[in-house]
Amino acid sequence: MTPKIFFIYFAISMTFMSVMVITRRNPVHSVLWMIGLFFHIAAVYLFLNAEFLAAVQIILYAGAIMVLFLFVIMMLNLKEEVVAPRFIGEWPIGVALGIAIITMIIYSVFTIQPGPVGEHTIEAIQKTTHAKAIGSLLYTKYIFPFEIASLVLLVAVVGAIVLAKKR
Amino acid sequence: MLNYVLIPLLPLAAFAVNILFSNAIGRRAHLIALPAVAGSFLLSVYALIGVQAGTIINQDIYSWIVSGSFKASIGFLIDQLTVVMLIVVTSISLLVHIYSVGYMHDDDGYARFFSYLSLFTFSMLMLVMSNNLLQLYFGWEAVGLCSYLLIGFWYEKKSAADAGKKAFIVNRFGDFGFALGILLIFVSLGSVHYADIFSGVGALQGRTINIAGFNFDLITLIALLLFCGAVGKSAQMPLHVWLPDAMEGPTPVSALIHAATMVTAGVFMIARFNPVFTLSDTAMAVVAIVGASTSLFAATIALVQNDIKRIIAYSTVSQLGYMVLACGVGAFGAGVFHLFTHAYFKALLFLGAGSVMHAMAGNVDIQKMGGLKKYMPATYWTFLLASLSIAGVPGFAGFFSKDEILWLAYNNGALGKVLWASGTLVAALTAFYSFRIIFLAFHGKFRGTAEEEHHLHESPKVITIPLILLAVGAVSAGWIGIPAAFGGANHFAEFLAPVVGHSAVTASHTEEMMVVALSIAAALGGIGMAYLFYSVKPCAPLILAGMFRKVYRLLWNKYYIDEIYDAILVRPSKWAASYLLVRVTDGRIIEGIVNGVPSMIKAFGDRLRKLQSGNLQHYAFGMVAGLFVILTVIFIAVSR
Amino acid sequence: MVPLSWYICLSAVIFGIGGIGFLVRRNVLIMLMSVELMLNSVNISLIAFSHYLQDLKGQVLVFFVITVAAAEAAIGLAILVALARNKSVLHTDEITEMKG
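Keep in mind it's a predicted model, so treat the numbers as computed, not measured.

The rules we used
Position numbers for residues count from 1 along each chain, tracking the sequence in the order it is written. Ligands are numbered from 1 and chains lettered from A, in the order in which they are written. A pLDDT threshold of at least 70 governs which residues receive local features in this predicted model, and a stricter bar of 80 or more applies before side-chain atom pairs are shown or counted, although totals over entire chains, interfaces and linings include all residues. Water and hydrogen atoms were dropped before computing side-chain values, which therefore reflect all heavy atoms in the structure. Per the convention used, a helix needs a DSSP run of H or I reaching at least four residues, while a strand needs a run of E reaching at least two, with both numbered from the N terminus. For every residue, the accessible area (1.4 Å probe, protein chains only) is compared with the maximum for its type, and the residue is labelled buried under 20%, exposed over 50%, or partly exposed between those bounds. Throughout, a contact is declared for two residues whenever any of their heavy atoms are within 4.5 Å. Here the Shrake-Rupley method, with its probe set to 1.4 Å, supplies the accessible areas, and only the displayed protein chains count as covering residues. For patches, a residue must show more than 30% relative accessible area and have no salt bridge; joins then use 9 Å for like charges and 5 Å for nonpolar side chains, namely Val, Leu, Ile, Met, Phe, Trp and Tyr. For this analysis, a salt bridge means a side-chain nitrogen from Lys or Arg found within 4 Å of a carboxyl oxygen belonging to Asp or Glu. Positive residues here are Lys and Arg, negative ones are Asp and Glu, while His and the chain termini are left out of the count. Charged side chains are reduced to one point each, which is NZ for Lys, CZ for Arg, CG for Asp and CD for Glu. Strands are treated as partners if at least two bridges between them are detected by DSSP. The term buried area denotes the loss of accessible surface (1.4 Å probe radius) that occurs when two parts are joined, taken as the sum for both partners. In protein, a polar contact means a hydrogen-donor-capable atom and an acceptor-capable atom, both N or O and within 3.5 Å, with residues adjacent in sequence counting only if both atoms are side-chain atoms; elsewhere, any N or O pair within 3.5 Å suffices. Residues are grouped as follows: nonpolar covers Ala, Val, Leu, Ile, Met, Phe, Trp, Tyr, Cys and Pro; charged covers Asp, Glu, Lys and Arg; every other residue, Gly included, is treated as polar. Fitting a line to C-alpha atoms yields each axis, with helices limited to the stretch in contact; the angle taken between N-to-C directions then spans 0 to 180 degrees. Angle categories are assigned with fixed cut-offs, so that under 35 degrees is roughly parallel, over 145 is roughly antiparallel, 65 to 115 is roughly perpendicular, and the rest are oblique. Grouping buried Ala, Val, Leu, Ile, Met, Phe, Trp, Tyr and Cys residues that are joined through side-chain atoms within 4.5 Å yields what is termed a nonpolar core. Expected helix span is computed as 1.5 Å times (number of residues minus one). Predictor confidence is given residue by residue as pLDDT, running from a minimum of 0 to a maximum of 100. Classification of ring pairs uses Phe, Tyr and Trp, with its six-membered ring standing for Trp, and accepts pairs whose centres are within 6.5 Å; under 30 degrees between planes counts as stacked, over 60 as edge-to-face, and the remaining range as tilted. Two limits define a charge over a ring: the Lys NZ or Arg CZ must be within 6 Å of the ring centre, and within 35 degrees of the ring normal.

**Student:** I'd like a description of the overall build of chain C, backed by residues and values.
**Tutor:** Of regular secondary structure, chain C possesses 3 helices and 0 strands. Each helix and strand of chain C, placed in order from N terminus to C terminus, yields the pattern α-α-α. Out of the 100 residues in chain C, the part that is buried amounts to 65%. At a minimum sequence separation of 6, the contacts of chain C that also span at least 24 residues come to 59%.

Next up, the structure:
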């Protein structure tokens, strides 16, 4: 029962924070709500026995990406943002579409048939530690996708420099 | 097998390299084209040795088209007839390539010229090596294309571009019949492979086909349709008009394509299809009569022309008539023999004419020449040998092949006697006009301007060496077919006999001697007349022309054939094109469609473009709505 | 024990909110954040599946999603900076050069 209570708390606060993220007038506030949301997501990961990813979530998302957003916000002049309208004129269409998608997914969730269970039981992961388990998978079976991910990052680095460079 | 495949592939490779990298290659094009053709020639000699040892190859190497019961493949048939053609094509092509190095030296389209020559060589080899009709037809059209490209090689010149078009269009008439013939063969025999056709054609004897209420004998119809193709390609009456105009192309092209190889494709095809032709007496008679009348008709025109290349062109038409005549009387071997010898002496005549033009700075009027013997001895002597050969002077190549044809024609019943008489007359005319060139151009005094005289010079070695090599062929090519009456063994006819069979000979050796004596007399008579007219009494031709003014005008205007075609074919189609097509079809119907469709699309698009607001999120609406639809469809599909 | 479907529902809700944010906000910066939101919601469902199916492949995939999200944020912000510098606008409804 306790996990369920905790989950309900997390669900409600995460939904609330998401709504705050997309409705704040000032982008800095959005970013701050987003950081709070990421901590909650990391906590949900801990619930799901994914300690390593929880750490990555906090360090990478809350620590790096959000700080990047903050930097960009500081670089830009956002004075008029506070008075400009927040939403496009056709916002009801967007909300309706989003709610339709949510409804459709939730409606279909109850028809999910879980597939066969894999070999990484909770006990097996705890025996080796989560970081080692995911690492051994990443560096053996998924070594090529892993390398390609590094290429994606390289391209992103080059692209970001080229795009944002002063001419 | 590879060595046979390489024979056509080497020139194809040279073509590809030269056409793709023509800018980079430039003046070095011959370094690629020459070795390729030389390689083909050596491989052809190897193939000849193989065939002489008894290896006949008939093999498909690639399945080209398979559609229901129709099956066409790329395949090679290497037999006696093929190797003769291989030797002719590759050897002449090689010599012409060498000659072109000198002749085309200053031309801007040097690489283009060599690439076309290589493409032609490839196409011609595909034509002769084919083992089925479709591949033959491919080669047939491809050589036609090369002929068009090379006649119009100097396309800035309107006459050259027109001549190219004329050659192409006139050939369409013949090729249309040829294509119908191929279709008819496929419809009635179910195959386009030579082997199937020749084994199955006998069963068609006596069958008729009903077209528009008339019954035609099937084999006769097939043979005549195939012959249509030969009439176009080998410039027989009434489709001969393109060949003299084809002389607008560079002279090496005239020698290679319009004298030695491509125009003989028709004769080759008739010889190849001798099992079909021999089954129809009507078709054979038509072939023989068309051949004989073409040869007589072209020879008379050649008598009065002044353009050195045109005379030789009409002479080619006339000699092709000889070959077709030979096929028509069943002497396929003799026809191919004449094809073989003719290739050498006619190529030599053209290349010699080219050498003369080279010295005369492009002038082709023999009335403006004279005394060239002194300035260009190598050209003169080789030209003389070729003329002796074409005139049929004993001992030279043309003598043996021509006499073989006349003799076999003589043996072919009553019709044959008439054909023989006409052929002998043509022999005399041939000797006359050939030596008319010799006496007018090479003897006497120079009649051009002093400036031109100053320019006269012998051509460089790269031009004279092919001439000398060809002269060897023009003299000796006939020696492999010396008939039995002269104590020879007629190796050539024996060699070809497995493919084209023996010709029936009914008359005796005494009669053969009489036939030969008559044709020798005709040849010497023709030469003597030419000597009398153009060397001893130069005023005689003028007097004769004055006496027979009408005949002279008729011959000078080539029997007005071009004008007749212009009146009955060209002008009506021009009218139809300008009125019916341009005004009615193009102006009303096509432009109506062409302008109507866009204006409809524009009206539609004007409404549709409102959707493109340019706002990113409006497009995102579309994506999300699409995602929703896909999710719904998947959900419904899965939950069912 | 929390059922799997709860996690998926949570993920769907955050995904939908992210999508709505992307669709209705004028500010490009917030739109980018919405995209991050959507990516994170997918991560939640991936890890939930991975946990319940006892298979680490899902978590490996989360790793790659985070990589792509980082790259996307870098490029997106670079475009945003270039946009702000060249056009001095940050609102999507003012950038309509593609208008037909």
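**Student:** Report on the overall build of chain B, specifying residues and quantitative values.
**Tutor:** For chain B, the helix and strand inventory stands at 28 helices and 4 strands. A buried classification covers 55% of the 640 residues belonging to chain B. Accessible area for chain B stands at about 26,200 Å²; split by element, carbon and sulfur atoms hold 69% of it.

**Student:** How would you sum up a positive patch on the surface? Please name residues and give values.
**Tutor:** A cluster of basic residues, B:Arg607, B:Arg609, B:Lys610 and C:Lys99, forms a positive patch on the protein surface. As for its position among the elements, B:Lys610 is in the loop between α27 (561-608) and α28 (616-639).

**Student:** Residue-level account of the pairing of strand β1 (residues 57-67) of chain B, with values.
**Tutor:** All names here are of chain B. Sheet topology note: the β1/strand β2 (residues 70-78) ladder contains 9 bridges and is antiparallel. Of the residues in β2, the one forming a bridge with serine 63 is serine 73. Where β1 folds back on β2, the antiparallel hairpin that results is connected by 2 residues, among which glycine 68 adopts a positive phi of roughly 60 degrees.

**Student:** Can you tell me about the side chain of C:Ser41, naming the residues and giving the values?
**Tutor:** Its location among the elements puts C:Ser41 in helix α2 (residues 28-53). Leaving out residues up to four positions away in the same chain, C:Ser41 has contacts with C:Ser11, C:Ile14 and C:Phe15.

**Student:** Explain the interface of chain C and chain A residue by residue, including any values.
**Tutor:** Between chain C and chain A, the contact holds 68 residues from the first and 90 residues from the second. Note on chain C versus chain A: buried area summed over both sides is about 6,900 Å², and carbon and sulfur give 80% of it. Per-residue buried area on chain C facing chain A is highest for C:Arg25, C:Gln54 and C:Leu56; these three make up 10% of the total on that side. At the boundary of chain C with chain A, the tally comes to 0 salt bridges. The tally of links from chain C across to chain A stands at 12 residue pairs in polar contact (both at pLDDT 80 or more). Residue contributions to the side of chain C that touches chain A peak at 22 residues, all from helix α3 (residues 57-87) of chain C. Here the residues of the side of chain C that touches chain A are counted per class, giving 48 nonpolar, 13 polar and 7 charged.

**Student:** Tell me about the interface of chain C and chain B, and name the residues and values.
**Tutor:** Counting residues at the interface gives 12 residues for chain C, matched by 11 residues for chain B. Together, the buried faces of chain C and chain B total about 960 Å²; carbon and sulfur atoms form 63% of this surface. Linking chain C with chain B are 0 salt bridges. Counting across the chain C and chain B interface gives 3 residue pairs in polar contact (both at pLDDT 80 or more). Per-element tally for the side of chain C that touches chain B: the top contributor is helix α1 (residues 4-24) of chain C, with 3 residues.

**Student:** Would you mind going over the packing of helix α6 (residues 133-151) of chain B against helix α7 (residues 158-189) of chain B in detail, with residue names and values included?
**Tutor:** Residue and element names in this part refer to chain B. In the contact formed by α6 and α7, the axes pass within 8 Å of each other and the chain directions differ by 170 degrees. Taken together, the axes of α6 and α7 are roughly antiparallel relative to one another. Across from Leu133, Leu136, Tyr137, Trp140, Glu141, Gly144, Leu145, Tyr148 and Ile151 in α6, the residues of α7 making contact are Ala160, Ala163, Gly164, Lys165, Ala167, Phe168, Arg172, Asp175, Phe178, Ala179, Ile182 and Ile185. Here the residues of the contact of α6 with α7 are counted per class, giving 15 nonpolar, 2 polar and 4 charged.

**Student:** Describe the packing of helix α6 (residues 130-140) of chain A against α3(C), naming the residues involved and giving the relevant values.
**Tutor:** Interhelical geometry of α6(A) versus α3(C) gives an angle of 80 degrees and a closest axis separation of 10 Å. Considering the angle they form, α6(A) stands roughly perpendicular to α3(C). Contacts between α6(A) and α3(C) pair A:His130, A:Ile134, A:Leu137 and A:Leu138 from the former with C:Lys57, C:Gln59, C:Val60, C:Phe63 and C:Phe64 from the latter. Tallied by class, residues from the contact of α6(A) with α3(C) come to 6 nonpolar, 2 polar and 1 charged.

**Student:** Break down the nonpolar core for me, with residues and values.
**Tutor:** In terms of nonpolar packing, the biggest core is built from 213 residues, with B:Ile92, B:Leu133, B:Phe273 and B:Phe277 touching the most fellow members. Considering every element that reaches this core, the biggest residue donor is helix α16 (residues 332-359) of chain B, with 18 residues. Excluding anything up to four places from it in sequence, B:Phe273 contacts B:Leu133, B:Leu136, B:Ile185, B:Tyr194, B:Ile197, B:Phe198 and B:Leu226. Core analysis: the next-biggest nonpolar cluster, separate from the first, contains 82 residues, A:Ala133, A:Tyr142, A:Ala149 and C:Ala73 among them.

**Student:** Give me the side chain of B:Thr261: which residues, what numbers.
**Tutor:** Residue and element names in this part refer to chain B. As for its position among the elements, threonine 261 is in the loop between α11 (251-260) and α12 (265-272). In terms of polar contacts, threonine 261 uses its side chain to reach the backbone carbonyl oxygen of leucine 256, at 2.5 Å. Setting aside residues up to four positions removed in sequence, threonine 261 forms contacts with Val89, Phe120, Met124 and Leu256.

**Student:** Could you give an account of the environment of B:Ala386, with specific residues and numbers?
**Tutor:** Residues and elements named next belong to chain B. Among the secondary structure elements, alanine 386 is positioned in helix α18 (residues 377-391). Residue class for alanine 386 comes out buried when judged on its relative accessible area of 0%. Linking alanine 386 and histidine 342, residues 44 residues apart in sequence, is a C-alpha distance of 9.5 Å. With residues up to four places along the chain from it excluded, the contact list for alanine 386 reads Phe345, Leu348 and Leu349.

**Student:** How would you sum up helix α19 (residues 397-410) of chain B? Please name residues and give values.
**Tutor:** Each turn of an α-helix holds 3.6 residues, which means side chains three or four residues apart point in the same direction. In this model, α19(B) (14 residues) spans 20 Å end to end at C-alpha, consistent with the 20 Å of a helix rising 1.5 Å per residue. In terms of burial, α19(B) is largely enclosed, as 14 of its 14 residues are buried.

**Student:** Which residues make up unusual backbone geometry, and what values go with them?
**Tutor:** Cis geometry marks the peptide bond from B:Met237 to B:Pro238; its omega dihedral reads 0 degrees. Its identity as a non-glycine residue notwithstanding, B:Ala235 has a phi of 55 degrees, on the positive side. By the element assignment, B:Ala235 lies in the loop between α9 (218-233) and α10 (242-245). Residue class for B:Ala235 comes out buried when judged on its relative accessible area of 0%. Despite not being glycine, C:Gln54 shows a phi value in the positive range, around 55 degrees.

**Student:** So what about the pattern of salt bridges? Which residues, and what values?
**Tutor:** Residues and elements named next belong to chain B. Here the structure, examined in full by the defined rule, presents 12 salt bridges over all chains. Of the charged contacts, one joins aspartate 79 and arginine 272 as a salt bridge, the two residues approaching to 2.9 Å between their closest N and O atoms. Taken together, the positions of aspartate 79 in the loop between β2 and α4 (80-103) and arginine 272 in helix α12 put the pair 193 residues apart, joining distant regions of the chain. Of the residues examined, arginine 272 reaches a relative accessible area of 3% and is grouped as buried. Between arginine 310 and aspartate 245 there is a salt bridge, with the nearest N and O atoms lying 3.5 Å from each other. Taken together, the residues arginine 310 in helix α15 (residues 308-328) and aspartate 245 in helix α10 connect sequence positions 65 residues apart. A single burial state applies to arginine 310 and to aspartate 245, both of which are buried. Here the residues in one salt-bridge network are Lys166, Asp245, Asp307 and Arg310, joined through shared partners.

**Student:** Hey, could you go over the confidence of the model for chain C for me, with residue numbers and the actual values?
**Tutor:** Looking at chain C as a whole, its pLDDT mean stands at 89, while 99% of the residues score no less than 70. This complex was scored by the predictor with a pTM of 0.65 and an ipTM of 0.90.

**Student:** Tell me about a nonpolar patch on the surface, residues and numbers included.
**Tutor:** Residue and element names in this part refer to chain B. Residues Ile169, Phe173, Leu554, Tyr560, Ile564, Ile568, Leu569 and Val570 make up a contiguous nonpolar surface patch of about 690 Å² in total accessible area. Only α7 and α27 provide two or more residues apiece to the nonpolar patch. Per element, the largest residue contribution to the nonpolar patch is 4 residues, and it comes from α27. Mapped onto the elements of the fold, isoleucine 564 is located in helix α27.

**Student:** Can you explain the packing of aromatic side chains? Please cite residues and give values.
**Tutor:** All names here are of chain B. Applying the stated criterion across every chain yields a total of 36 aromatic pairs over all chains. On the numbers, 5.5 Å between centres and 80 degrees between planes, the contact of phenylalanine 198 with phenylalanine 273 is edge-to-face. Here phenylalanine 198, found in helix α8 (residues 194-200), pairs with phenylalanine 273, found in the loop between α12 and α13 (274-277); they are 75 residues apart in sequence, far enough to count as distant. Here the aromatic cluster, defined as three or more aromatic residues joined through ring pairs, consists of Tyr110, Phe113, Phe114, Tyr116, Phe153 and Trp154. Lying across the ring of tyrosine 410, lysine 417 places its NZ or CZ 4.5 Å from the centre.

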